[in-house]
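# Structural features, examined
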Amino acid sequence: MNLATVELLRYLRELGWSDVELPPPSPFVSASPVASPAPLPPPAAGGSAGEMLAALAAQLADCRRCRLCEGRTQVVFGVGNPQARLMFIGEGPGQEEDRLGEPFVGRAGRLLDAMLQALGLPRREVYIANVVKCRPPGNRDPQDDEVAACRPFLERQVELVNPQVIVTLGRVAARHLLGRSEAMRELRGRWTSWRGRRVLPTYHPAFLLRTPSAKAEAWRDLKEVRRSLSLARGEAGPA
Ligand code: URA
């Protein structure tokens, strides 16, 4: 079965067609999280989160740990408040992100921004990163070894930002961060945890652009995130 057909079947599954059968996973793609390669050395003590994130970004700037370096224009590290209480994790840079060096700046990013704005959480107050920092050719799914090569950097980003809540955007981020392979329809809106942090999976904004009828559920998920952050602050949760 060719890649386009597999992608179409996955898309139908995301839409909730649970009787669509996906081909068995290839031996190179497992549903469980991939073991991390050698961990990064601990960050130099004494810097602020922002300084340590900048140092980490500098370390990655000429990364050649996987084949994605061959087609990228630049590494797309992450953006936002280094001390954000809320972190979003997407899949990987697309064409616009690769060109501009910032995650979620294309059409999907503009939808994410609009939802954040409507929620009263401007983009500059959250932190946004991806499971892989270089654009997969043709926006294909990142492969397991590519995610594994990038994973120590994502883990360090999470440690440094130290968010109270993580929102994973879409199937690829949920699968690679949480090791979950269920359809997004089943995963979304259900709290889970990763290394002691609260995580809420929701739909990827690119999926919402293709499937506007799913926006209401994504909106509910983001309101739930805002409620959780408000409660953690001891504020009365907004409706
Ligand atoms: N999709 C993603 O998952 N990440 C981006 O940065 C852009 C689009």
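## Digging into the pairing of strand 4 (residues 165–169)
Taken residue by residue, a regular strand's side chains alternate between the two faces of the sheet. Counted residue by residue, strand 4 has five buried out of five residues, so it is predominantly covered. Here strand 4 shows no split at all, with Val165, Val167 and Leu169 on one side and Ile166 and Thr168 on the other all buried. Pairing geometry for strand 2 (residues 86–90) and strand 4, over four bridges, is parallel. Bridge assignment links Phe88 to a residue of strand 4, and that residue is Val167. As defined by bridge partners, strand 4 adjoins strand 6 (residues 197–202) across five bridges and the pair is classed as parallel. Looking across to strand 6, one finds that Leu169 is bridged to Thr202.

## Section: the state of the cysteines
Inspection of the entire model under this criterion finds zero disulfides. Sulfur of Cys63: no disulfide; nearest cysteine sulfur belongs to Cys134 and is 6.2 Å away. For Cys63, a relative accessible area of 11% corresponds to the buried category. This cysteine, Cys69, is not joined by any disulfide, and Cys66 carries the nearest cysteine sulfur, 6.4 Å off. We classify Cys69 as buried; its relative accessible area is 9%.

## Examining the environment of Pro41
Structurally, Pro41 can be placed in the loop between helix 1 (3–14) and helix 2 (49–60). Its relative accessible area of 53% is what places Pro41 among the exposed residues. Along the primary structure Pro41 and Pro152 are separated by 111 residues, whereas in three dimensions their C-alpha atoms are 9.9 Å apart.

## Observations regarding the confidence of the model for the chain
Per-residue pLDDT for the chain averages 88, and the proportion of residues at 70 or more is 82%. Every residue in residues 24–36 is under pLDDT 50, and counting partners more than four places away or in other chains gives 17 contacts.

## A short note on the site of the ligand
In the vicinity of the ligand, the contacting residues are Gly90, Glu91, Gly92, Glu97, Pro103, Phe104, Asn130 and His204. Here an oxygen atom of the ligand sits 2.7 Å away from a polar atom, N or O, in the main chain of Glu91. Here a nitrogen atom of the ligand sits 2.8 Å away from a polar atom, N or O, in the side chain of Asn130. Protein burial of the ligand: of its 240 Å² of free accessible surface, 92% is covered by the chains. Within the shell around the ligand, the residues separate by chemical class into two nonpolar, four polar and two charged.

## Topic: the packing of helix 2 against helix 5 (residues 144–161)
Running from N to C, helix 2 and helix 5 cross one another at 170°; their axes reach a closest spacing of 9 Å. Compared by their axis directions, helix 2 and helix 5 come out roughly antiparallel. Touching Ala49, Met52, Leu53, Leu56, Gln59 and Leu60 of helix 2 are Phe153, Arg156, Gln157, Leu160 and Val161, all from helix 5.

## Structural notes on the packing of aromatic side chains
Per the stated rule, a full pass over the model turns up one aromatic pair. Measuring from centroid to centroid gives 4.9 Å for Tyr203 and Phe207, while their planes differ by 35°, and the two rings are tilted. Residue Tyr203 is classed as buried on the basis of its relative accessible area, which comes to 4%. If you follow Arg198 out to its NZ or CZ, it ends over the ring of Trp191, 4.0 Å from the centre.

Each value, and the rule that gives it
- The residue numbering used here restarts from 1 in each chain and proceeds along that chain's sequence as written.
- Whole-chain, interface and lining totals are the exception, using all residues; otherwise, since this is a predicted model, local features are given only for residues with pLDDT of at least 70 and side-chain atom pairs are given and counted only at 80 or more.
- Computation of side-chain values: all heavy atoms of the structure, hydrogens and water removed.
- The classification of residues rests on relative accessible area computed with a 1.4 Å probe and restricted to protein chains. Under 20% of the type maximum is buried, over 50% is exposed, and intermediate values are partly exposed.
- The secondary structure listing takes helices from DSSP runs of H or I that are at least 4 residues long and strands from runs of E that are at least 2 residues long, numbered from the N terminus.
- By the convention used here, strands pair only if DSSP detects at least 2 bridges between them.
- When the sulfur atoms of two cysteines come within 2.5 Å, that pair is taken as a disulfide.
- Within a predicted model, pLDDT stands for the predictor's per-residue confidence, ranging from 0 to 100.
- Any two residues whose heavy atoms approach within 4.5 Å at even a single point are treated as in contact.
- We call a residue near a molecule or strand whenever a single non-hydrogen atom of that residue lies within 4 Å of it.
- Polar contact is the term for a pair of N or O atoms within 3.5 Å; when the atoms are in protein, one must be able to donate a hydrogen and the other to accept it, and sequence-neighboring residues count only if both atoms are side-chain atoms.
- Areas reported as accessible are Shrake-Rupley estimates using a 1.4 Å probe. Residue values count occlusion only from the protein chains shown.
- Note on residue categories: nonpolar means Ala, Val, Leu, Ile, Met, Phe, Trp, Tyr, Cys or Pro, charged means Asp, Glu, Lys or Arg, and polar means any other residue, Gly included.
- Convention adopted: a line fitted to C-alpha atoms gives each axis, helices being fitted over their contacting stretch, and angles between N-to-C directions are expressed from 0 to 180 degrees.
- For classification purposes, angles smaller than 35 degrees are called roughly parallel, those larger than 145 roughly antiparallel, those between 65 and 115 roughly perpendicular, and all remaining angles oblique.
- Any two rings among Phe, Tyr and Trp, with Trp reduced to its six-membered ring, count as a pair given centres within 6.5 Å; such a pair is stacked if its planes are under 30 degrees apart, edge-to-face if over 60, and tilted if neither.
- Any Lys NZ or Arg CZ found within 6 Å of a ring centre and within 35 degrees of that ring's normal is scored as a charge over the ring.

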